[in-house]
Amino acid sequence: MRLWLDALRLAITQLARNASRTALTSLGVLIGVAAVIAMVGLGQGATAAIEQDLSSLGVNLLFVEAGVRRGPRASLPAEPLDLADADAIGRQVRHVEAVAPVVAAEAQAAFGGRTWDTGLQGTTAAWLGVLGRELAAGRVFTDAEDRGGAPVCVLGPTVVEEVLGTADPLGAELRLGALTCTVIGVLTPEGENTFGMDQDDLVLLPIRAVQRRVVGSTAVSQILVSADDPEHMSAVARDVDALMRQRRHVTSDSAVDFSVRDTRELAEMLGSITTVLTTFLAAVAGVSLLVGGIGIMNIMLVSVTERTREIGIRLAVGALPSDVRLQFLVEAAVLAVFGGVLGVIVGIGGTAIGATVLEVPVVVDPRIVLLSVGFSAMVGVVFGWWPASRAARMEPMEALRHL
Amino acid sequence: MSDEPLLRLRGVARHYGHGDSLVRALDGIDLDVPRGAFLSFMGPSGSGKSTALNTLGCLDVPTAGSYRFRGVEVTTLGPKERALLRRHWMGFVFQGFNLLPRSTALENVELPLGYRGLPVRERRERALQALEDVGLGGRSHHRPDELSGGQQQRVAIARALVVAPDLLLADEPTGNLDTATSLEVMELLTRLHADRGITVVMVTHEDDMAAFGQRIVRFRDGRIEADEAVAGAGGAA
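Residues numbered from 1 in each chain as written. Chains lettered and ligands numbered in written order. Predicted model: local features only at pLDDT ≥ 70, side-chain atom pairs only at ≥ 80, totals over all residues. Heavy atoms only, no water.

1. Focus on the overall build of chain A
Formally: Every helix listed is a DSSP run of H or I at least four residues long, and every strand listed is a run of E at least two residues long, numbered separately from the N terminus. Throughout, the radius of gyration refers to the C-alpha atoms, and the reference size of a globule is 2.2 Å times the residue count to the power 0.38. Should any heavy atoms of two residues lie within 4.5 Å, those residues are counted as being in contact. For the area figures, the Shrake-Rupley method with a 1.4 Å probe applies, and any residue is considered shielded solely by the protein chains shown. Asp and Glu are treated as the negative residues and Lys and Arg as the positive ones, with His and the ends of the chain left uncounted. Here the site of a charge means NZ on Lys, CZ on Arg, CG on Asp, or CD on Glu.
Within chain A, the regular secondary structure consists of 13 helices and twelve strands. On C-alpha atoms alone, chain A measures out to a radius of gyration of 32 Å, which is more than a quarter above the 22 Å that the 2.2 N^0.38 rule sets for 403 residues. For chain A, the spread of C-alpha atoms along the three principal axes comes to 100 × 55 × 35 Å. Summarising the internal contacts of chain A: among those between residues at least 6 apart in sequence, 78% fall at separations of at least 24. A total of about 19100 Å² of accessible surface is found on chain A, and carbon and sulfur atoms cover 61% of it. Side-chain charges of chain A comprise 31 positive and 42 negative groups, with the mean position of each set lying 11 Å from the other.

This is the structure we're talking about:
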């Protein structure tokens, strides 16, 4: 124990003497550790933000989509869903509160010489209730308008601002590509979602209006289903799945060409994407920690050579080769841990700044902090071993003759 | 051990290189040094006197022959065991002082005590006492570059003696000093030898300095040419 304390005191004295060299050498480890902590912290923050967003969508929401899912991205084409599917779910599945078929399209909105590229959502009045959105003004489509595909629309606040400006939106005649529609309502603002997408930049239309006049098909891209109670979610999901198998004549599990997912599954899917990204970025950051370690080895080799005479003196007055090795090993480890601890501080600061910029919660995992400091100590010992062994192997007389 | 001298060398050789470039630094020397002796090694440069001293201090290993220290055969020991012998029984004084330049006199003297695992307080007390003994009590917090050559060598002597060694090895301890300072250092060594009964082996090329000892061993071409008592020295072996 005393041996270690002596070595530690000696290392600190020695490193303090070469302050600028110490600072530059530990900078490598500092950057490595800070990068790992910031990357992992921001990744975890992003995951937490996604989970928050999705849980705000509601826990009793299902998404039905056509296509065979293979992993998070791949999807094979399949027979699209249609309005009859949505009707069937609404009529035949118990505990369903509301069903909103959706067909999405892009269009340019134009009014009085101003234009704005936006997204059209062809849907029904149920869309508002299913997603928990509200109207700031006006009304939503009536059943008659829904069924008839009337040219009426409800605008997101962004579209109002960009196209209508200060004009009174209600009753305005808005051009959406080839379609002219009357504005009957305006949504309350919702802001951006986790991915920075503006949830207020959209135009709601009766679904048949979009199908007939914009996309020119009867396909439905997604059916949103809400349950009357979160407890009934799994039953509803099971029944929707069974109904869709029946309607699409699916006979085996391998032939399933649609998906029924809830927000939790969606969260897991997105979470797995951010985890892969986080791991990748952390690995890149880890490489810089490795480079920092090589920097330590380099400077320790220089130090051992410079201090050859000192090593000779120490061996002559009673140091064992193992004492000399310990001295240099501890010095390398202190150098690395010094960089590691500063790296933790910088990394947490970086996480806080990055999280503010990206608007995600600040997450600092204490395990990652401990791991980083521990890993940097290991880097010091591993990369200090060779220089320290070189010091320990010196012959005392040769070392003393060294100038 | 009672009838065996502190140091016994038999046929000790130290050869460097090989073939045409073979250097016979030591070429078969026999030497007995009894406990409490004060020997001076003399001879021209390259005669092997320094190699002999380094061999005694286990800083160098013979290529042939037998060297027994306190009855222990040293030639077969590894670096660790040799370091332990130095740690426990030997002190060194060098021509170039070999102090750690950025440590104070006190820290330099404490150095060997640290390797012996003494508590910090005891190190400090013993090191201060050792500096007092060599007449540098007031200089303990000076760094080597703030001390004169003679003072630096006295710090080195304090560092060698602080562990109370059996054997003090001095390699031209006055080689870098002027005559007056040399005499002071030699008087200090003689006094410590007399007071503490430490065995001293010193390399020098100055007859005046060698005369402080009891015996002079003369080297030439790696061999011992003569081994004579100093005239007038008391208690010669």
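Continuing now.
2. Some details on the nonpolar core
Rules: To form a nonpolar core, buried Ala, Val, Leu, Ile, Met, Phe, Trp, Tyr and Cys residues must be joined to one another through side-chain atoms within 4.5 Å. Using a 1.4 Å probe on the protein chains alone, a residue whose accessible area is under 20% of its type maximum counts as buried, one over 50% counts as exposed, and one in between counts as partly exposed.
Judged by nonpolar contacts, the single largest core of 73 residues is most densely connected at Leu7, Phe41, Tyr67, Phe69 and Val201 of chain B. The element best represented in this core is helix 11 (residues 321–358) of chain A, accounting for ten residues. Judged by nonpolar contacts, the second largest core, of 45 residues, contains Leu62, Val183, Leu243 and Met244 of chain A.

3. A closer look at the interface of chain A and chain B
Inclusion rule: For salt bridges, the criterion is a side-chain nitrogen of Lys or Arg within 4 Å of an Asp or Glu carboxyl oxygen. N or O atoms closer than or at 3.5 Å make up a polar contact, with two conditions inside protein: a donor-capable atom paired with an acceptor-capable one, and, for residues adjacent in sequence, both atoms drawn from side chains.
With 24 residues of chain A in contact, the opposing surface of chain B contributes 27 residues. Connecting chain A to chain B are two salt bridges. Between Asp323 of chain A and Arg87 of chain B there is a salt bridge whose closest N-O contact spans 2.7 Å. Where chain A packs against chain B, one counts seven residue pairs in polar contact (both at pLDDT 80 or more).

4. Some details on the pattern of salt bridges
Residue and element names in this part refer to chain A. Considering all chains together, one arrives at 33 salt bridges over all chains under this definition. Two residues, Glu331 and Arg307, come together in a salt bridge whose shortest N-O distance is 3.0 Å. With Glu331 in helix 11 and Arg307 in the loop between helix 9 (263–306) and helix 10 (308–316), this pair connects stretches of sequence that are 24 residues apart. This pair shows no difference in class: Glu331 is buried, exactly as Arg307 is. Several salt bridges share partner residues, and in doing so they unite Arg307, Glu310, Arg314 and Glu331 into one network.

5. A look at the packing of aromatic side chains
Residue and element names in this part refer to chain B. Which entries qualify depends on this criterion: Under the pairing criterion, centres of Phe, Tyr and Trp rings, with the six-membered ring standing for Trp, must be within 6.5 Å; the plane angle then separates stacked pairs below 30 degrees from edge-to-face pairs above 60, leaving the rest tilted.
On inspection of all chains with the given rule, the structure shows two aromatic pairs over all chains. Between Phe41 and Phe219 the ring centres are 4.9 Å apart and the planes differ by 55 degrees, which places this aromatic pair in the tilted class. Taken together, the residues Phe41 in strand 3 (residues 38–42) and Phe219 in strand 9 (residues 215–220) connect sequence positions 178 residues apart. Relative to Phe94, the ring of Phe92 lies with its centre 5.9 Å away and its plane at 5 degrees, an arrangement referred to as stacked.

6. Observations regarding the pairing of strand 5 (residues 114–123) of chain A
Residue and element names in this part refer to chain A. Going by this rule: Strands qualify as paired when DSSP identifies two bridges or more between them.
Here strand 4 (residues 96–111) runs beside strand 5; their pairing, made up of nine bridges, is antiparallel. Pairing of Ala104 across the sheet is with Gln121, part of strand 5. Taking the residues that link successive antiparallel strands as the turn, the strand 4-strand 5 hairpin has two residues, and the phi of Gly112 there is positive, at about 50 degrees. Here strand 5 runs beside strand 10 (residues 202–206); their pairing, made up of five bridges, is parallel. Its bridge partner lying in strand 10, Gly119 is registered against Leu202.

7. Quick look at a nonpolar patch on the surface
Applied cut-off: What makes a patch is a set of residues exposed beyond 30% relative accessible area and free of salt bridges, joined within 9 Å when like-charged and within 5 Å when nonpolar (Val, Leu, Ile, Met, Phe, Trp, Tyr).
On the surface, a nonpolar cluster with roughly 340 Å² of combined accessible area is contributed by Phe338, Val341, Leu342 and Ile345 of chain A. Mapped onto the secondary structure, Phe338 of chain A falls in helix 11.

8. Looking at the packing of helix 3 (residues 83–92) of chain A against helix 8 (residues 233–247) of chain A
Between two packed helices, what matters for the description is the angle formed by their axes and the separation of those axes. Residues and elements named next belong to chain A. Threshold: Fitted lines through C-alpha atoms serve as axes, helices being fitted only where they are in contact, and the angles separating the N-to-C directions of these axes extend from 0 to 180 degrees. Roughly parallel means an angle under 35 degrees; roughly antiparallel, over 145; roughly perpendicular, 65 to 115; everything else is oblique. In this scheme, a crossing is called left-handed if the near helix is turned counterclockwise away from the far one by less than a right angle; it is called right-handed if the turn is clockwise.
At a closest axis distance of 11 Å, the pairing of helix 3 and helix 8 adopts a crossing angle of 135 degrees. Classed by the angle they form, the pair helix 3 and helix 8 counts as oblique. In the crossing of helix 3 with helix 8, the sense of the turn from one axis to the other is right-handed. For the pair helix 3 and helix 8, contact is made by Ala84, Asp85, Ala88, Ile89 and Gln92 and by Val240, Leu243, Met244 and Arg247, respectively.

9. Focus: the sheet that holds strand 5 (residues 72–73) of chain B
Residue and element names in this part refer to chain B. The sheet built from four strands is open, its strands ordered 2-1-4-5 with antiparallel pairing. Sheet topology places strand 2 (23–33) and strand 5 at the edges, where each strand pairs with a single neighbour. Alignment of strand 1 (residues 7–16) against strand 2, held across eight bridges, turns out to be antiparallel. Note on strand 2: the bridge partner recorded for Leu9 is Leu31.

10. Here's the deal with unusual backbone geometry
The phi angle of most residues is negative, glycine excepted, and most peptide bonds adopt the trans form. Positive phi, normally seen in glycine, also occurs at His249 of chain A, with a value near 55 degrees. Along the chain, the position of His249 of chain A falls in the loop between helix 8 and strand 12 (258–262). Since its relative accessible area comes to 69%, His249 of chain A is described here as exposed. Unlike most non-glycine residues, Asp221 of chain B shows phi in positive territory, near 50 degrees.

11. So, the environment of Phe41 of chain B
Residue and element names in this part refer to chain B. For Phe41, a relative accessible area of 0% corresponds to the buried category. Along the backbone, Phe41 and Ser21 are 20 residues apart, and their C-alpha atoms lie at a distance of 26 Å. Among residues more than four places away in sequence, those in contact with Phe41 are Leu31, Lys49, Ala52, Leu53, Leu56, Val201, Met202, Val203, Thr204, Val217 and Phe219.

12. Quick notes on the pairing of strand 7 (residues 152–155) of chain A
All names here are of chain A. Going residue by residue along strand 7, you find Val152 and Val154 tucked away on one face and Cys153 and Leu155 tucked away on the opposite face as well. Examined bridge by bridge, strand 7 and strand 9 (residues 179–187) share four bridges and lie parallel to one another. Within strand 9, the residue paired with Val152 across the bridge is Thr182.

13. Some details on the domain arrangement of chain A
Interface extent is often summarised as the accessible area lost during association of the parts. Heads up, the rule is: These domain boundaries are the output of an automatic or database domain assignment.
Split into domains, chain A comes out as domain 1 (2–52 + 269–401) and domain 2 (79–256). Put simply, the middle of domain 1 of chain A and the middle of domain 2 of chain A, counted by C-alpha atoms, are 55 Å apart.

14. Digging into the sheet that holds strand 10 (residues 223–229) of chain B
Residues and elements named next belong to chain B. With respect to topology, six strands assemble into an open sheet ordered 6-7-8-3-9-10, the strand pairing being mixed. This sheet does not close on itself; its edge strands, each paired only once, are strand 6 (90–94) and strand 10. Within this sheet the neighbouring strands show an average axis-to-axis angle of 15 degrees, counted without direction. Bridge count for strand 7 (residues 167–171) against strand 8 (residues 199–203) is five bridges, and the pairing is parallel. Looking across to strand 8, one finds that Leu169 is bridged to Val201. Relative to the sheet, helix 2 (residues 79–89) contacts strand 6 and strand 7, its axis offset from that of strand 6 by approximately 85 degrees.

15. Let's talk about the side chain of Thr47 of chain A
Residues and elements named next belong to chain A. Looking at where Thr47 falls in the secondary structure, it is placed in helix 2 (residues 19–57). Look at Thr47 and you get buried, because its relative accessible area is 17%. Polar contacts involving the side chain of Thr47 include one to the side chain of Thr274, which spans 2.9 Å. Residue contacts for Thr47: discarding those within four places in its chain leaves Gly271 and Thr274.

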